[in-house]
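Letter by letter, the chains look like this.
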Amino acid sequence: MIKLGSHVSMAKPDYLLGSVKEALSYNANALMVYTGAPQNSFRAPVEELKIAEATSLWRENGYRMDDVIIHAPYIINIANTVNPDTFSMGKEVLRNELIRSRAIGAKYLVLHPGSSLKDTLENGINKVVEALNEVLEEGFNVTVCLETMAGKGSEIGYRFEHLAEIIRRVNYPLGVCFDTCHTWDSGYDLNDFDKVLKEFDEVIGLEKLHVLHINDSKNELGARKDRHANIGEGYIGFETLSKVVHHPLLKSKTKILETPYIDGLPPYKDEIERLRNSSI
Ligand code: FE
Ligand code: FE
Ligand code: ZN
């Protein structure tokens, strides 16, 4: 069975238990959460997250904690070369997220590499490498998965080569999260998905790929915009996304929807069902 779920919320009073219940209500066997608001670093203490109850319920349903994915808040910018405060705050928040991910029992923490702002991409990459080498030295037993980015503004990670370089220069094992909307927006034509996957394998290595974000895109190939569309409602289209989800080389990988709500309601139960049943 493919491992397919969505982003779910984590909020008081039930926190992770609420996240698991939400995922189960979508018939998902995987899920992704931000451990607090993605835009800030305020976090409830781990003792309040109802981790034990959530874990029991998830396992009772036959699912694995390895398919509970954590996404780091996007205020982290460890590619910032000009503001030392942003850089050290980014490291501190990342460290804190790794501790929380470990407490939850998650295996993968998804991280945006960051933006080099007015500085060069190369200098930005140097900072990312420096930060990861520093933070990961402590050892958390959680794999940081760098996300493929759309290339909006000065975002790092819109080419597989960027991620490959960071992985090569960091002294600790890293993984990758492949976002279909982002790779499409950065110019990888997913209509020839076998070719893209081959390129990924040559540049990074398929064994480094642990998580996929399954999103359609509101923009054309190469637009570098990063606006997610509902499955089948964007420029990538249902057929291509179904191929990604059911690709034989990606059987073991965890797939997460991050598509927008429709009229204030989550589309995930329906999108999961349609994608699951679309296997050829
Ligand atoms: Fe992301
Ligand atoms: Fe994503
Ligand atoms: Zn995105």
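Residues numbered from 1 in each chain as written. Chains lettered and ligands numbered in written order. Predicted model: local features only at pLDDT ≥ 70, side-chain atom pairs only at ≥ 80, totals over all residues. Heavy atoms only, no water.

Hey, could you run me through the pairing of strand E3 (residues 68-71) in this one?
Strand residues, when the strand is regular, have side chains that alternate between the two faces of the sheet. Alternating positions in E3 separate into two faces, Val 68 and Ile 70 on one and Ile 69 and His 71 on the other, with burial throughout. The β-α-β motif built from strand E2 (residues 31-33), the intervening helix H2 (residues 51-60) and the parallel element E3 has right-handed crossover chirality. Relative to strand E4 (residues 108-111), E3 is paired through two bridges, and the arrangement is parallel. What sits directly across from His 71, in E4, is Val 110. (Buried < 20%, exposed > 50% of the residue type's maximum accessible area, 1.4 Å probe, protein only. Helix = DSSP H or I, 4+ residues; strand = E, 2+ residues; numbered from the N terminus. Right-handed = clockwise from strand over helix to strand, strands pointing away. Pairing = 2+ DSSP bridges.)

For this particular structure, what's the right way to read the packing of helix H3 (residues 84-104) against helix H4 (residues 121-135)?
Angle between the axes and distance between the axes are the two parameters that describe a pair of packed helices. Relative orientation of the contacting elements H3 and H4 amounts to 45 degrees, with a least axis distance of 10 Å. Taken together, the axis directions place H3 and H4 in an arrangement best described as oblique. In the packing of H3 onto H4, the handedness of the crossing is right-handed. Facing H3, whose interface residues are Phe 87, Lys 91, Leu 94, Arg 95 and Leu 98, H4 presents Lys 127, Glu 130, Ala 131, Leu 132, Glu 134 and Val 135. Taken together, the residues that form the contact of H3 with H4 break down as six nonpolar, no polar and five charged. (Axes fitted to C-alpha atoms, helices over the stretch in contact; angles between N-to-C directions. Parallel < 35°, antiparallel > 145°, perpendicular 65-115°, else oblique. Left-handed = near helix turned anticlockwise from the far one by under 90°. Contact = heavy atoms within 4.5 Å. Nonpolar A, V, L, I, M, F, W, Y, C, P; charged D, E, K, R; others polar.)

Help me out: how do you make sense of the coordination of the iron ion (ligand 2) in this one?
Angles between donor atoms at a metal ideally measure 109.5 degrees for a four-coordinate tetrahedral arrangement and either 90 or 180 degrees for a six-coordinate octahedral one. All of the protein donors around the iron ion (ligand 2) are Glu 147 (OE), Asp 179 (OD), His 213 (ND1) and Glu 258 (OE); their distances to the metal are 2.1 to 2.2 Å. In this structure, the iron ion (ligand 2) is coordinated by four donor atoms arranged in irregular fashion, with angles at the metal of 81 to 169 degrees. When the donors of the iron ion (ligand 2) are listed by position in the chain, the intervening gaps give E-x31-D-x33-H-x44-E. Separation of the iron ion (ligand 2) from the iron ion (ligand 1) amounts to 3.3 Å, with Glu 147 serving as a shared donor to the pair. Pair noted here: Asp 179 is in strand E6 (residues 175-179) and His 213 is in strand E7 (residues 209-214), with a separation of 34 residues, a long-range link. (Donors = N, O, S within 2.8 Å, 3.2 Å for Na, K, Ca; no water. Tetrahedral: all angles 85-135°; square planar, octahedral: opposite > 155°, others 65-115°.)

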